[in-house]
Amino acid sequence: MALNYIWVAFFVVAFVFALFRLIFLGDTDAFRLLVDGIFNSSLSSVMDIALPLAGAMTFWLGIMKIGEKAGAINFLSRMVGPFFRRIFPEIPKDHPALGNVMMSFSANLLGLINAATPLGLKAMDSLQEINPEKETASNAQIMFLVLLTSGMQLLPVTIIAQRAILHAADPTDIFIPCIIATYASAVVGMIAVAIKQKINLFDRVIVAWIGGVTLFITILVWYFTTHLTKEQISTFSKVASNLLLFLIPVVFIVGGVIKKVNVFESFIDGAKSGFETSIKIIPYLVAMLVGISVFKSCGALGYMNEGLRWVVHTIGLDTRFVDAMPVAYMKPLSGSGSRAMMISTMQTFGPDSFAGRLGCIFNGSADTTFYIVALYFGSVGIKRSRYAIPFGLIADLAGIIAAIFVGYLFFG
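An account of the accompanying structure is given in this report. This one's a predicted model, so the numbers in the text were calculated from it and none came from an experiment. (Residues numbered from 1 in each chain as written. Predicted model: local features only at pLDDT ≥ 70, side-chain atom pairs only at ≥ 80, totals over all residues. Heavy atoms only, no water.)

In this section: the overall build of the protein chain. A count of helices and strands for the protein chain gives 18 helices and 0 strands. With respect to the principal axes defined by its C-alpha atoms, the protein chain has extents near 70 × 50 × 40 Å. Per-residue burial over the protein chain gives 51% buried out of 412 residues. For the protein chain, restricting intrachain contacts to residue pairs at least 6 apart in sequence, the fraction spanning at least 24 positions comes to 77%. With the model as given, the accessible surface of the protein chain reaches about 18800 Å², and the carbon-plus-sulfur share is 68%. Each charge class in the protein chain can be summarised by its mean position, and for the 29 positive and 24 negative side chains these summaries are 7 Å apart. (Helix = DSSP H or I, 4+ residues; strand = E, 2+ residues; numbered from the N terminus. Buried < 20%, exposed > 50% of the residue type's maximum accessible area, 1.4 Å probe, protein only. Contact = heavy atoms within 4.5 Å. Areas by Shrake-Rupley, 256 points an atom, 1.4 Å probe, with all protein chains shown as cover. Lys, Arg positive; Asp, Glu negative; His and termini not counted. Charge placed at Lys NZ, Arg CZ, Asp CG, Glu CD.)

Next up on the list: the pattern of salt bridges. Scanning the entire structure with this criterion turns up 12 salt bridges. Between R86 and D203 there is a salt bridge; the shortest N-O distance is 2.8 Å. Linking R86 in helix α3 (residues 72-87) with D203 in the loop between α8 (175-196) and α9 (204-227), this pair joins segments that are 117 residues apart in sequence. With relative accessibility at 30%, the residue R86 sits in the partly exposed group. Residue D318 pairs with R320 through a salt bridge whose shortest N-O separation is 3.1 Å. Owing to a relative accessible area of 34%, R320 belongs among the partly exposed residues under this scheme. Put simply, R163, D173, D352 and R357 are held in one network by salt bridges that share partners. (Salt bridge = Lys/Arg side-chain N within 4 Å of Asp/Glu carboxyl O.)

Okay, the nonpolar core next. F84, F88, M143, F144 and F362 are the most contacted members of the largest nonpolar core, which totals 95 residues. Apart from the residues lying within four places of it in its own chain, the contact partners of F362 are A324, M325, V327, A328, K331, I400, A403 and I404. (Core = buried A, V, L, I, M, F, W, Y, C linked by side-chain atoms within 4.5 Å.)

With that settled, the discussion passes to the side chain of K331. Position of K331 among the secondary structure elements: in the loop between α14 (325-330) and α15 (335-349). Buried charge without a partner: K331 forms no salt bridge, and the closest opposite charge is D367, 4.8 Å away. Of note is the side chain of K331, whose polar atom sits 3.0 Å from the backbone oxygen of N363. With sequence-adjacent residues up to four places away left out, K331 is seen in contact with S338, F362, N363, A366, D367, T368 and T369. (Polar contact = N/O pair within 3.5 Å; in protein donor to acceptor, adjacent residues only side chain to side chain.)

With that out of the way, let us pick up the packing of helix α6 (residues 139-149) against helix α17 (residues 369-379). Put simply, α6 and α17 touch, their axes get as near as 10 Å, and they point 140 degrees apart. For the element pair α6 / α17, the angle class is oblique. Crossing geometry of α6 relative to α17 is assigned as right-handed. The segment α6 lies against α17, with Q141, F144, L145, L148 and T149 engaging T369, I372, V373, Y376 and F377. Classifying every residue of the contact of α6 with α17 gives 7 nonpolar, 3 polar and no charged. (Axes fitted to C-alpha atoms, helices over the stretch in contact; angles between N-to-C directions. Parallel < 35°, antiparallel > 145°, perpendicular 65-115°, else oblique. Left-handed = near helix turned anticlockwise from the far one by under 90°. Nonpolar A, V, L, I, M, F, W, Y, C, P; charged D, E, K, R; others polar.)

Let us look at helix α2 (residues 30-70). With 41 residues, α2 should cover 60 Å at 1.5 Å per step; its first-to-last C-alpha distance of 57 Å lies within 8% of that length. After α2 finishes, the residue G71 shows a positive phi value of roughly 95 degrees. (Expected span 1.5 Å × (residues − 1).)

Along the chain, T345 falls in helix α15. Once residues within four sequence positions are removed from consideration, T345 is found in contact with D323, A324, V327, G350, A355 and G356.

With the exception of glycine, most residues fall at negative phi, and the peptide bonds are largely trans. A positive phi angle, near 60 degrees, is found at K198, a position not held by glycine. Within the secondary structure, K198 is located in the loop between α8 and α9. Of note, the phi angle at K260 is positive, near 60 degrees, even though the residue is not glycine. Assignment of secondary structure puts K260 in the loop between α10 (230-258) and α11 (263-280).

All right, on to the environment of M64 then. Among the structural elements, M64 can be located in helix α2. Each C-alpha atom of the pair M64 and I253 lies 9.9 Å from the other, and the pair is 189 residues apart in sequence.

Take it as geometry only, folks, not as evidence of what the structure does.
Set out below in structure tokens:
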């Protein structure tokens, strides 16, 4: 229901703002921009997202089927079972869904973009198998989605690369702030959902896992910043990401051979659902991306930013962070829009300016909540998202607040 109101609001707000610009500002292109946005985003939803995704979906779902028959998914389920059984109490013990969820988180954490979405859709599908109400999101699916919206990854490679393209003095100087901001988003999102679902956060297993992950991230960040140059970090990112991306199918295939699984037939069996899933999500993608496009094109973001600047100035706070806020506004709505805003902010104020750096931290602090809801819930036919969107936005807000804090801490 929340998604319904938000989608309606996109079009109503866009119409009101465009009408205001036409009548009071004499902007005769206001409605043309909205119409162009509808056609362009409709085309992009299918040609640039859904159809290219079909190939990746087909391959990775085939690989996942091999891993499932070879026992890799069950192995992962046993390894992370103690922790995941506590934050996903609805998933039966040793159910393949635990392994699928772990694979999805691992791909996102390591920045394996080409594998992350197919693995995430596979995990959502496996959670749907144990969902008693097929059109309503289960507690486990909401927890999974909110954690995905935190967008946590250890190596923000694309942001660093874009800063290098724009000739930043040190493209990697946003590395630590991005890690802190996205980790804050993930932890706050998980805690918020856990409280809603009455999950015991003081369970010693949960405390041990969160403490262990925190320690691992701290050591990794410390090592990268004290022992590696920016060129070495960039090289490590490229090599590690591609190595892991190829290692996963190799391990699954070799494991299948050892277990005497017919790997080729298993691959074909799993791959058959790839194209079907990609086609199924097209209506959801078109609906959401067209709504986001008209909201972005109407100029509402500009008015929002100036209103925020006035409020911040009135209460006597520093307004420099407001220059980067369009990136934060766009992040829950559109990944490409947020990326474009980040680049525009760096081009306008400079990649080494406070706003330029903060825009990068905003972009690395969370993921696109509305896109993820439409994509993942749409892929399994869920129509009632319950509290998934509000809690996903709570995680986004935590990432934004953390980004502002670390922005001033490191660069203010």
